[in-house]
Amino acid sequence: PVHLGLDNVEDLAMLAAGEVEETLRDFLASSPVRLLIAGSREADLLPMFSAKNRPLKALEVTRFSLAPLPYSELLGFIIFQFSRSGKTCPRSVAESVAEISCGIPYYAQRLAHHIFAATSQVPESEAVAAAAELILDGESPRYGRILAGLSPKQGCVLQALARFPQIPVFTSDFLQRNGLS
């Protein structure tokens, strides 16, 4: 068989309401091609292969997760990629990318790309903030769909987690402070 590797497969979910997934399924069913599928947004990737109503559900899939990228390697990679194109990426900017993205390849790549595209030579911290804002704006429809599917109580818990991330969830203090008990 022929082996084909695809990265960022979760982006297929956003295209043409499943038509791309159906085309991929039909192609795989009629060919000797076997896929290696990679993606770092597991919340988007998992439903593509496990939800009953999705075209790719019937595929035999072996799951493995991509761990966050090692911090020092990610910093070096970002700085090197900027330098390859004649730009200088300060260590502080690379550190911000690594911290904001938590080393998740998808978000690190998107954040660094937006910073790179918006910078003529040396990015400043403002470029990091603007790039992060761009990504959040782009993700908000997806987050909105997630929030719309929550029950009112689940929404209250999520808001409480956002307000008090330092308080352990299963303590009476957390429950009382947020009117959840």
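Because the structure is a prediction, the values reported are computed rather than measured.

Definitions and limits used
Residues numbered from 1 in each chain as written. Predicted model: local features only at pLDDT ≥ 70, side-chain atom pairs only at ≥ 80, totals over all residues. Heavy atoms only, no water. Helix = DSSP H or I, 4+ residues; strand = E, 2+ residues; numbered from the N terminus. Rg over C-alpha atoms; globule rule 2.2 N^0.38 Å. Buried < 20%, exposed > 50% of the residue type's maximum accessible area, 1.4 Å probe, protein only. Contact = heavy atoms within 4.5 Å. Areas by Shrake-Rupley, 256 points an atom, 1.4 Å probe, with all protein chains shown as cover. Lys, Arg positive; Asp, Glu negative; His and termini not counted. Charge placed at Lys NZ, Arg CZ, Asp CG, Glu CD. Core = buried A, V, L, I, M, F, W, Y, C linked by side-chain atoms within 4.5 Å. Axes fitted to C-alpha atoms, helices over the stretch in contact; angles between N-to-C directions. Parallel < 35°, antiparallel > 145°, perpendicular 65-115°, else oblique. Left-handed = near helix turned anticlockwise from the far one by under 90°. Nonpolar A, V, L, I, M, F, W, Y, C, P; charged D, E, K, R; others polar. Arc of directions from axis to C-beta. Phe/Tyr/Trp six-rings, centres within 6.5 Å; stacked < 30°, edge-to-face > 60°. Lys NZ or Arg CZ within 6 Å of the ring centre and 35° of its normal. Salt bridge = Lys/Arg side-chain N within 4 Å of Asp/Glu carboxyl O.

Colleague: I would appreciate a short explanation of the overall build of the protein chain in the present structure.
Modeller: The number of helices and strands found in the protein chain is eight helices and two strands. Helices and strands in the protein chain line up, N terminus first, as β-α-β-α-α-α-α-α-α-α. The C-alpha atoms of the protein chain give 20 Å as radius of gyration, which overshoots the globular expectation for 181 residues (16 Å, by more than 25%). Projecting the C-alpha coordinates of the protein chain onto the three principal axes gives extents of approximately 55 × 55 × 25 Å. Scored against the burial criterion, the 181 residues of the protein chain give a buried share of 28%. In the protein chain, the proportion of contacts linking residues at least 24 apart, taken out of those at least 6 apart, comes to 59%. Summed over all atoms, the accessible surface of the protein chain reaches about 11,600 Å², with 60% contributed by carbon and sulfur. The distance from the centre of the 16 positive side-chain charges to the centre of the 19 negative ones in the protein chain is 6 Å.

Colleague: Could you clarify how one ought to interpret the nonpolar core in this entry?
Modeller: It is characteristic of soluble globular proteins that their nonpolar side chains tend to be buried jointly. Core analysis: the largest hydrophobic core is formed by 20 residues, its most contacted members being Ile78, Cys89, Val97, Leu111 and Ile115. Residue assignment for this core shows that the elements contributing at least two residues are helix H3 (71-84), helix H4 (91-101), helix H5 (105-117) and helix H6 (125-148). In terms of residues, this core owes the most to one element, H5, which gives six residues. Ignoring sequence-local partners within four residues, the contact set of Cys89 consists of Ile78, Ile79, Phe82, Ala94 and Pro123.

Colleague: Quick question: what am I supposed to make of the packing of H5 against H6 here?
Modeller: The angle between the axes and the distance between the axes are what describe a pair of packed helices. The contact between H5 and H6 brings their axes to 8 Å, and the two run at 130°. Relative to H6, the element H5 is oriented oblique. In terms of crossing hand, the pair formed by H5 and H6 is right-handed. Along the contact surface, H5 presents Tyr106, Tyr107, Arg110, Leu111, His114 and Ile115, while H6 presents Ala127, Val128, Ala131, Ala132, Leu134, Ile135, Glu139, Arg142 and Tyr143. In the contact of H5 with H6, the residues fall into 11 nonpolar, one polar and three charged.

Colleague: So what exactly am I meant to see when it comes to helix H1 (residues 19-29) here?
Modeller: Owing to its 3.6 residues per turn, the α-helix brings residues three or four apart onto one side. Residues of H1 that are buried: Glu21, Leu24 and Leu28. In an axial view of H1, the angular spread of the buried residues amounts to 65°, which keeps them on one side of the axis. Along H1, exposed side chains directed more than 90 degrees from the buried face belong to Glu19, Thr23 and Ala29. Elements in contact with the buried residues of H1: strand S2 (33-37) and helix H2 (42-50).

Colleague: It is not clear to me how unusual backbone geometry should be interpreted in this structure. Could you clarify?
Modeller: The phi angle at Cys102 is positive, at roughly 55°, despite the residue not being glycine. Tracing the chain through its elements places Cys102 in the loop between H4 and H5. The exposure class assigned to Cys102 is exposed, which follows from its relative accessible area of 52%.

Colleague: Could you clarify how one ought to interpret the packing of aromatic side chains in this entry?
Modeller: Geometry of an aromatic ring pair is reported as the spacing of the ring centres plus the angle between the planes. Following the criterion strictly, the structure yields two aromatic pairs and no others. Sitting over the ring of Phe116, Lys87 keeps its end group 3.8 Å from the ring centre. If you follow Arg177 out to its NZ or CZ, it ends over the ring of Phe164, 5.1 Å from the centre.

Colleague: What's the story with the packing of H4 against H5 in this structure? I'm lost.
Modeller: Contact geometry for H4 and H5: axes closest at 9 Å, N-to-C directions at 140°. As H4 runs across H5, the sense of the crossing is right-handed. Every residue of H5 that contacts H4 at Val93, Val97, Ile100 and Ser101 is listed here: Tyr107, Ala108, Leu111, Ala112 and Ile115. For the contact of H4 with H5, the per-class residue count stands at eight nonpolar, one polar and no charged.

Colleague: What is the right way to look at the pattern of salt bridges in this model?
Modeller: Pairing between side chains becomes possible if they bear opposite charge and their charged atoms approach one another. This structure, assessed with the given rule, holds five salt bridges. Here Asp26 and Arg25 are joined by a salt bridge, their closest N and O atoms 3.2 Å apart. Given a relative accessible area of 29%, Arg25 falls into the partly exposed group. Salt-bridge contacts for Asp173 lead to Arg177; the nearest nitrogen and oxygen are separated by 3.5 Å. Of the two residues, Asp173 and Arg177 both sit in helix H8 (residues 172-177), four residues apart, roughly one turn of that helix.

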